[in-house]
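Each chain, letter by letter, is given below.
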Amino acid sequence: PDVVLQKLQAAAQEWQQADPSTPVIPAIDYIAVTAQASAGKDGKYRARMPDDQIQKALDMANQLHGIMILDVQVGLSDVQTEVPLLQQWLMMPNVELALDPEFAMQTSGRPPGTVIGTLDASDINWAANYLAQLVEQNNLPPKILIVHRFTEDMVTRTAQIKPLPQVQIVMDMDGWGFPAKKINTYDY
């Protein structure tokens, strides 16, 4: 943790120096629900991280007055099952949510990592509405919902994603591959 915090603080300082007019907030991204190669006891191809490990990630974020992003890779489970299990954390003002369609395998029924997974706009809207309710019920600042996407097909019916004032939806480019491939995908 000390090494990570030192590197994160140094990176935050570099960004702050690059653009002093924009505040920099350090973030710890913790994969709270992790896709797995094996089915597990319930056949869902995902593992839920224990509360004490999530708390360690939150403690790290708090040391730098930052945020924690809870990342969810549902495997053969679904957003509607996995996200509410993180409610105790999502009710905190500095905890945000990320969804990783790459490892959402309900459509294909295949194990994670064998093909690129998919989430639909209805999944994104469900998560955004869930977060919006937490914001309203607990008088929280707007939440961030990050959707990791590096192919068009990873998120279907994107025109149906509905913005909400309580949730800032961010669709970001990430993924596997060598740098030139990532750049070509980004340019496309």
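In what follows, the structure referred to is the one given above.
Note that the structure is a prediction, hence the values are computed from the model and not measured. (Residues numbered from 1 in each chain as written. Predicted model: local features only at pLDDT ≥ 70, side-chain atom pairs only at ≥ 80, totals over all residues. Heavy atoms only, no water.)

In this section: unusual backbone geometry. A positive phi is found at His65, a non-glycine position, where the angle reads about 55°. Note that His65 resides in the loop between α2 (51-63) and β3 (67-72). The phi dihedral of Asn139 is positive, around 50°, even though this residue is not glycine. If you trace the backbone, Asn139 turns up in the loop between α5 (121-138) and β6 (143-148). (Helix = DSSP H or I, 4+ residues; strand = E, 2+ residues; numbered from the N terminus.)

Before going further, it helps to examine the pattern of salt bridges. Pairing is possible between side chains of opposite charge, provided their charged atoms come close. All told, the structure shown has four salt bridges when counted by the stated rule. In this structure, the salt-bridge partner of Arg46 is Asp42, at a minimum N-O distance of 2.8 Å. Take Arg46: its relative accessible area is 11%, and that puts it in the buried class. Note that Arg157 and Asp120 form a salt bridge whose closest N and O atoms lie 2.8 Å from each other. Separated by 37 residues along the polypeptide, Arg157 in the loop between β7 (155-156) and β8 (167-172) and Asp120 in strand β5 (residues 119-120) bring together distant segments of the chain. Classification of Arg157 by relative accessible area gives partly exposed; the value is 48%. Put simply, Asp42, Arg46, Arg48 and Glu82 are held in one network by salt bridges that share partners. (Salt bridge = Lys/Arg side-chain N within 4 Å of Asp/Glu carboxyl O. Buried < 20%, exposed > 50% of the residue type's maximum accessible area, 1.4 Å probe, protein only.)

Counting residues in hydrophobic clusters, the biggest one holds 39 residues, and the most contacted among them are Leu70, Leu90, Leu97, Leu99 and Leu145. Those elements that provide at least two residues to this core are α1 (2-18), β1 (27-35), α2, β3, α4 (87-90), β4 (95-99), α5 and β6. Those residues in contact with Leu70, other than ones at most four positions away along the chain, are Tyr30, Ala32, Ile54, Leu86, Trp89, Leu90, Val95, Glu96, Leu97 and Ala98. (Core = buried A, V, L, I, M, F, W, Y, C linked by side-chain atoms within 4.5 Å. Contact = heavy atoms within 4.5 Å.)

Tracing the backbone shows Lys143 in strand β6. Ignoring anything within four residues of it in the chain, the contact list for Lys143 reads Leu90, Met92, Pro93, Val95, Glu96, Leu131, Val135, Gln166, Val167 and Gln168.

Positionally, Ala37 belongs in the loop between β1 and β2 (46-48). Residues Ala37 and Pro111, spaced 74 residues apart in sequence, show a C-alpha to C-alpha distance of 6.3 Å. Other than its neighbours up to four places away in sequence, Ala37 contacts Tyr45 and Pro111.

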